[in-house]
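# Architecture at a glance
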Amino acid sequence: MAFPSSSIRAASTTVYPTYLSLHLPNSHHASSRPSNTNHDNSYKYVKSPKIVRRSLFSLPASFLLLHASSSLAIDDTNTLSTSAIDTTITDRIFMDFSVCPSYFRSDRPLGAELSSCPDSEPLGRVVFGLYGRLLPVTAANFKATCTAAAYRGTLVHKLLQGQFFAAGRQGSRRDKGEVQPPSGLVRNSETVNPKAFKLRHARPGTLSLCLGENDDDDDIKLNPNYHNVEFLVTTGPGPCPELDGQNIVFGTVLEGMDVITSIATIPTYKPAERIRLFNDFAELIGDERAQTARAMWDRPLKTVYISDCGELKVTKQSLSPPSLP
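Quick look at the structure, then.

The rules behind the values
Residues numbered from 1 in each chain as written. Predicted model: local features only at pLDDT ≥ 70, side-chain atom pairs only at ≥ 80, totals over all residues. Heavy atoms only, no water. Pairing = 2+ DSSP bridges. Helix = DSSP H or I, 4+ residues; strand = E, 2+ residues; numbered from the N terminus. Disulfide = S-S within 2.5 Å. Buried < 20%, exposed > 50% of the residue type's maximum accessible area, 1.4 Å probe, protein only. Expected span 1.5 Å × (residues − 1). Arc of directions from axis to C-beta. Contact = heavy atoms within 4.5 Å. Phe/Tyr/Trp six-rings, centres within 6.5 Å; stacked < 30°, edge-to-face > 60°. 1 Å grid on protein atoms, 1.4 Å probe; cavity = no way out; pocket = protein on both sides within 12 Å on 5 of 7 lines; lining within 4 Å. Points joined across faces, edges and corners; volume = space filled by probe spheres on them. Nonpolar A, V, L, I, M, F, W, Y, C, P; charged D, E, K, R; others polar. Axes fitted to C-alpha atoms, helices over the stretch in contact; angles between N-to-C directions.

As defined by bridge partners, strand β2 (residues 91–99) adjoins strand β3 (residues 121–130) across nine bridges and the pair is classed as antiparallel. Bridged to Phe-94 within β3 is Val-127. The pairing of β3 with strand β8 (residues 248–255) spans four bridges and is classified as antiparallel. Its bridge partner being in β8, Phe-128 is matched across the sheet by Val-253.

Attention now goes to the state of the cysteines. If you walk through the whole model with that rule in mind, you get one disulfide. Across the disulfide from Cys-100 sits Cys-117; the S-S distance is 2.1 Å. In this structure the cystine formed by Cys-100 and Cys-117 twists about its S-S bond by roughly 90°; its chirality is therefore right-handed. Pair noted here: Cys-100 is in the loop between β2 and β3 and Cys-117 is in the loop between β2 and β3, with a separation of 17 residues, a long-range link. The class for Cys-100 is buried, based on a relative accessible area of 4%. Relative accessible area serves as the criterion here: at 11%, Cys-117 is assigned to the buried category. Looking at the unpaired Cys-146, the closest cysteine sulfur is the one in Cys-309, lying at 4.7 Å.

Another aspect to go through is helix α4 (residues 136–147). For α4, with twelve residues, the first-to-last C-alpha span of 16 Å sits near the 16 Å given by 1.5 Å per residue. Thr-138, Ala-139, Asn-141, Phe-142, Thr-145 and Cys-146 are the residues of α4 that are buried. For α4, the buried positions fall inside an angular range of 165° around the axis, keeping them on one side. On its buried face, α4 is in contact with β2, β3, β6 (206–209), β7 (231–234), β8 and β9 (304–312). Ala-149 lies just past α4 and shows a positive phi near 60°.

Taken as a whole and judged by the stated rule, the model has six aromatic pairs. When the centroid spacing of 4.9 Å and the interplanar angle of 85° are considered together, the rings of Tyr-103 and Phe-104 count as edge-to-face. For Tyr-103, a relative accessible area of 11% gives the class buried. The exposure class of Phe-104 is exposed, given its relative accessible area of 65%. Considering the side-chain rings of Phe-142 and Phe-231, the 5.5 Å spacing of their centres and the 85° angle between planes classify their relative orientation as edge-to-face. Of the two residues, Phe-142 sits in helix α4 while Phe-231 sits in strand β7, which places them 89 residues apart along the sequence. Each residue in the set Phe-142, Tyr-151, Phe-231 and Phe-250 is aromatic and connected to the rest through ring pairs, giving one cluster.

Turning next to unusual backbone geometry. Cis geometry marks the peptide bond from Gly-236 to Pro-237; its omega dihedral reads 10°. Structurally, Pro-237 is set in the loop between β7 and β8. Within the chain, Ala-149 stands out as a residue other than glycine whose phi angle is a positive 60°. Positionally, Ala-149 belongs in the loop between α4 and β4 (154–160). The class of Ala-149 is partly exposed, set by a relative accessible area of 21%. Within the chain, Asp-298 stands out as a residue other than glycine whose phi angle is a positive 60°. The residue Asp-298 is located in the loop between α8 (289–294) and β9 in this model.

Take empty space enclosed by the protein next. Considering all chains together, one arrives at two cavities of 30 Å³ or more under this definition. For the largest cavity, the calculated volume is near 60 Å³. If you trace the largest cavity, you find it lined by Thr-138, Asn-141, Phe-142, Tyr-151, Asn-188, Leu-209, Asn-228, Val-229, Glu-230, Phe-231 and Phe-250. Broken down by element, the lining of the largest cavity gets its largest block of residues, three residues, from α4. Residue composition of the lining of the largest cavity, by class: six nonpolar, four polar and one charged.

Attention shifts here to the sheet that holds β9. Strand order in this closed barrel of eight strands is β2-β3-β8-β6-β7-β5-β4-β9, and the pairing throughout is antiparallel. For this sheet, the mean inter-axis angle between neighbouring strands, taken without regard to orientation, is 35°. Bridging between β6 and β7 involves three bridges; their strand directions are antiparallel. Counterpart to Ser-208 in the pairing with β7 is Leu-232. Its contacts with the sheet place α4 against β2, β3, β6, β7, β8 and β9, and it is angled at close to 50° to β2. Helix α6 (residues 257–264) contacts β2, β3, β4, β5 (164–167), β7, β8 and β9 of the sheet and is inclined by roughly 125° relative to β3.

And the structure:
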């Protein structure tokens, strides 16, 4: 059936979009009621009110400041600030390193200590600065061990090239370069204090107390008189992040970095892959010889030891280099 065009035009003018009724009071009747002043069969649409969209720029300034400050507070808790750490150097300790070529000779006297090596070859002196304000117990124990000459004749028993070397393994065999801690050392409570692990091994010449890298035998650690006296020194060229959070940084090299570098260039014992597999299998089945054999890995092929040690008296405490982490 065909409708006249006038009827279609009239019908189209009386149909209103449904969304207009959502924004007006008495929405349904107001949107469908024609205007009383219009008598020409055409109706006026009623405009819906505008919806105000508030952007970020129209929010109050107090809200933005509150949000920003809360975000910064969260970031501060996730970031360790090292600027407030007191790395004042309170003590200076020296260590003389040497090589004993006759250590493995068959005519070496049985039980002879390394400190009495007849053909010692000096490598040089290293001066360490200790952070006595930050870690008073660790620094005091290290200082007391040096002044008592307990580190004299100590073997550098581990060397990871490009990372660090370790010395001061505790034991009763002085002829093997082990350390017997002096009497009077304080029990180190800083080894269980989270604040003691804030400093990082971020540069060469970092002096650190061995905890995670400690090679002392288990039966020695169970001794009630046991003290942590084993230490490590990073050799560079880069940082050692794998040591962070496991060992306590309590000092730095002030002089003699060339001696540290010369020690780092000494070749070490590297077991073959087949030996490593046998060792892993022996450890898996509980063979105690596996740990003993592993203690020989990464040992310098030259006998590097501490020929002398002690304290250097200073009249005034000084700050450590500003490049410290």
